[in-house]
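# Coordinate inspection notes
Take a look at the letters that make up each chain.
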Amino acid sequence: MNKLKVLVCGDVEGKYKQLFTRVETINQKNGPFEMLLCVGNFFGTSDNLEPYRNGTLSVPVPTYILGPNKPDDVDLYADINGCEICPNISYLGKRGLYTETSGLKVAYVSGIEEGSGKSAQYHTFTGADVEAVKNICLRGQHQFRGVDILITSSWPKDIKLGVQAEFGSWLLSWLAVQIKPRYHFCGLEGIYYERPPYRNHSVSGDTEEHATRYIAMAKVANTSKQKWLYALSLEPIDQMKASDLYQATTDQTECPYTGRMLLPNIYGKQERSSQFFYDMDSHEEDGNSRKKVKKDDKRQPIVFDQESCWFCLSSAAVEKHLIISIGNEVYLALAKGGLVSDHVLISPVGHHQSLSDLPEAVEEEIEKFKSALKKFYKKQHKVPVFFERNFKTSHLQIQAVPVPRELSPRLKDVFQESAEQDSLQLDELPAHSKLSQIAPPRTPYFYVELPSGEKLFHRVRKNFPLQFAREVLANEELLNMVDRADWRDCKITKEEETELAKNFRTAFEPFDFTL
């Protein structure tokens, strides 16, 4: 689809004529623009919007404003929940999510952070407000990607490179982590500041995340000639191809937010489920499952939270319609965005990070599922490739992808050739070796077990392509499904997933040792 054009300006402070004259010129030259978003203070010391109200002057582009940000401006807003200011100018409200007809999603928070954190005045916001915005954005989203734009009056805390500033709202930093905006605009400080894009924090740690571009706008028509109007062209996030959304830039930086800003619950409260789906008892060993985040750490470890883990069965995040079979220690589930329709995951019921560090009972049941899958695929004249990526993930997932039996002799060579192209070293492991002997706990690695029984291992030392195994199997020499190398390009509806899982469950039943 065509990209949508959006304008964003800084604090207007009553300079309506300068703003709309400039917007009209840009709209005629480079438009049409879908909307103009105004961050910071919109009203000036006197109300001179009358020419726009009576039609003497017109607003050239639908305009959406924030506020109030100070007590003196409260009376200028007829309805704190949102209202029309004059033709073609609308107040979005105190906080919420505006979804344009095109699908473009704009999250917004007006005002400044309330110091007490308990009750807000009309020109302030609290933790409850930002939590409400997060909930609105995530509601009904099984695989939440993020929002297109976040606009706030205030700056978030610690956003400026090299400066851990006292000013700025930690609540807005927390919100930015949760809703992952592609762009975050704000005002109030009177300066233009565009930060290099930062990589969004991944709670589960098992996928790459898109980058956020943070831009603070200067005041409209400021005398120091700092940038106060910004134009962007973008495709709605939910309509983008994954390969475009997650494409990295050379100037990307790490997520600037740390500590409690990364917690999934705003005040660090954990609400743990006491039961697994299907009335199962928990086998989770919780003793060391969560790492503490040190305030001064430059590189933060993954903060594990069972409620946020996509693969712990006691988590509300698990999509139980994908589950095929559940044993005592391990379960089998259809892979989301599978490379092929019978691509499945083997995962422990409780929280365990990798194959290299498992209790014996869990390891034994994983082998039972592997054996059952081999028999199941054999009926289809296929053989399974099992692989694990213990890198940027917090919960063990062994992926099983079946390939036609006749392709089996080529698998090792294609894996090795692909590794060489990516400057990776894949070592062949001795037949009876155990991962625990080669990769001590917390060692990042990639491991693949071929139908021949051969095992290949790569010790991750810096970076590793997250879709490596899928890219290899999707290769023209193997499954010839290059366009399905990224799981995010293979997503289907929940109804289709449910039907696939149902069909797999029925076909797998004769081989399911848990029944």
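Placed above this text is the structure.
Described below are features of the structure shown in this document. What you see is a predicted model; the values in this text were computed from it and never measured. (Residues numbered from 1 in each chain as written. Predicted model: local features only at pLDDT ≥ 70, side-chain atom pairs only at ≥ 80, totals over all residues. Heavy atoms only, no water.)

A few words now on the side chain of R389. Here R389 shows up in strand 19 (residues 382-390). Here R389 falls in the buried class, since its relative accessible area comes to 18%. A distance of 2.5 Å separates a polar atom in the side chain of R389 from the backbone oxygen of F391. A polar side-chain atom of R389 sits 3.3 Å from the main-chain carbonyl oxygen of L466. (Helix = DSSP H or I, 4+ residues; strand = E, 2+ residues; numbered from the N terminus. Buried < 20%, exposed > 50% of the residue type's maximum accessible area, 1.4 Å probe, protein only. Polar contact = N/O pair within 3.5 Å; in protein donor to acceptor, adjacent residues only side chain to side chain.)

Once that is clear, we can look at the pairing of strand 1 (residues 4-9). The element strand 1 is extensively covered by neighbouring structure, given that five of its six residues are classed as buried. With six bridges connecting them, strand 1 and strand 15 (residues 229-234) associate as antiparallel partners. Bridging across to strand 15, L4 finds its partner in L234. As paired elements, strand 1 and strand 2 (residues 35-38) share four bridges and run parallel to each other. When the sheet's bridge partners are listed, V6 is paired in strand 2 with M35. The handedness of the strand 1 to strand 2 crossover, carried by helix 1 (residues 16-30), is right-handed. (Pairing = 2+ DSSP bridges. Right-handed = clockwise from strand over helix to strand, strands pointing away.)

This part covers the packing of helix 6 (residues 360-378) against helix 10 (residues 494-508). Axis separation between helix 6 and helix 10 bottoms out at 11 Å; the angle between their running directions is 95°. Looking at the two axes, helix 6 sits roughly perpendicular to helix 10. The segment helix 6 lies against helix 10, with A372, L373, F376 and Y377 engaging F504, A507 and F508. Among the residues forming the contact of helix 6 with helix 10, the class breakdown is seven nonpolar, no polar and no charged. (Axes fitted to C-alpha atoms, helices over the stretch in contact; angles between N-to-C directions. Parallel < 35°, antiparallel > 145°, perpendicular 65-115°, else oblique. Contact = heavy atoms within 4.5 Å. Nonpolar A, V, L, I, M, F, W, Y, C, P; charged D, E, K, R; others polar.)

A rise of 1.5 Å per residue sets the reference length of helix 1, with its 15 residues, at 21 Å; its end C-alpha atoms lie 21 Å apart and thus fit the reference within 8%. The set of residues buried in helix 1 consists of Y16, L19, F20, V23, I26 and N27. Along helix 1, the residues classed as buried sweep out an arc of 125° about the axis, all on the same side. Of the residues in helix 1, the exposed ones pointing more than 90 degrees away from the buried face are K17, Q28 and K29. (Expected span 1.5 Å × (residues − 1). Arc of directions from axis to C-beta.)

Quick look at the sheet that holds strand 22 (residues 445-449) now. Read across the sheet, eight strands follow the order 16-17-18-20-19-22-23-21 without closing on themselves; strand pairing throughout is antiparallel. Edge positions in the open sheet fall to strand 16 (323-326) and strand 21 (427-429), since each of these has one partner strand only. Mean inter-strand twist for the sheet, computed between neighbouring axes without regard to direction, equals 25°. Strand direction decides the pairing type here: strand 19 and strand 22, joined by five bridges, are antiparallel. What sits directly across from F386, in strand 22, is E449.

Sheets are built from strands paired through backbone hydrogen bonds, the pairs being either parallel or antiparallel. Pairing within the open sheet is mixed, and its six strands lie in the order 4-5-3-2-1-15. With partners counted over all chains shown, the strands left at the sheet margins are strand 4 (83-86) and strand 15, one partner each. The mean angle between the axes of side-by-side strands here comes to 25°, regardless of whether they run parallel or antiparallel. Alignment of strand 4 against strand 5 (residues 89-91), held across three bridges, turns out to be antiparallel. Following the sheet pairing, C83 is matched in strand 5 by Y91.

For the rest of this paragraph, the subject is the pairing of strand 18 (residues 344-348). For strand 18, the buried fraction is high: five of the five residues fall into the buried class. Residues V344, I346 and P348 of strand 18 are buried on one face, and the alternating residues L345 and S347, pointing to the opposite face, are buried as well. Pairing of strand 17 (residues 330-334) with strand 18 involves five bridges; the strand directions are antiparallel. Looking at strand 18, one finds that L334 is bridged to V344.

Right, let's talk about the packing of helix 3 (residues 127-138) against helix 4 (residues 170-179) for a bit. For the pair helix 3 and helix 4, the least separation of the axes is 10 Å and the interaxial angle reads 10°. In terms of orientation, helix 3 and helix 4 fall into the roughly parallel class. Contacts between helix 3 and helix 4 involve G127, V130, E131, V133, K134, C137 and L138 from the first element and L171, L172, W174, L175, Q178 and I179 from the second. For the contact of helix 3 with helix 4, the class distribution of residues is nine nonpolar, two polar and two charged.

This next bit is on unusual backbone geometry. In the segment running from G31 into P32, the intervening peptide bond is cis, with an omega of 0°. Structurally, P32 can be placed in the loop between helix 1 and strand 2. With an omega of -10°, the peptide bond between G67 and P68 qualifies as cis.

Our focus in this paragraph is the pattern of salt bridges. Counting across every chain of the model gives 16 salt bridges. The closest approach of N and O atoms between E254 and R199, which form a salt bridge, is 2.9 Å. Pair noted here: E254 is in the loop between helix 5 (242-245) and strand 16 and R199 is in strand 13 (residues 198-199), with a separation of 55 residues, a long-range link. By relative accessible area, R199 is classed as partly exposed at 26%. Each of R410, D413, E417 and E477 takes part in one network of salt bridges that share partners. (Salt bridge = Lys/Arg side-chain N within 4 Å of Asp/Glu carboxyl O.)

Turning to the side chain of D342, a few remarks are in order. Examined against the element boundaries, D342 turns out to sit in the loop between strand 17 and strand 18. Of the residues examined, D342 reaches a relative accessible area of 6% and is grouped as buried. Of note is the side chain of D342, whose polar atom sits 3.3 Å from the side chain of K382. Beyond its immediate stretch of four places on either side in the chain, D342 contacts Y377, Q380, K382, A400, P402 and F504.

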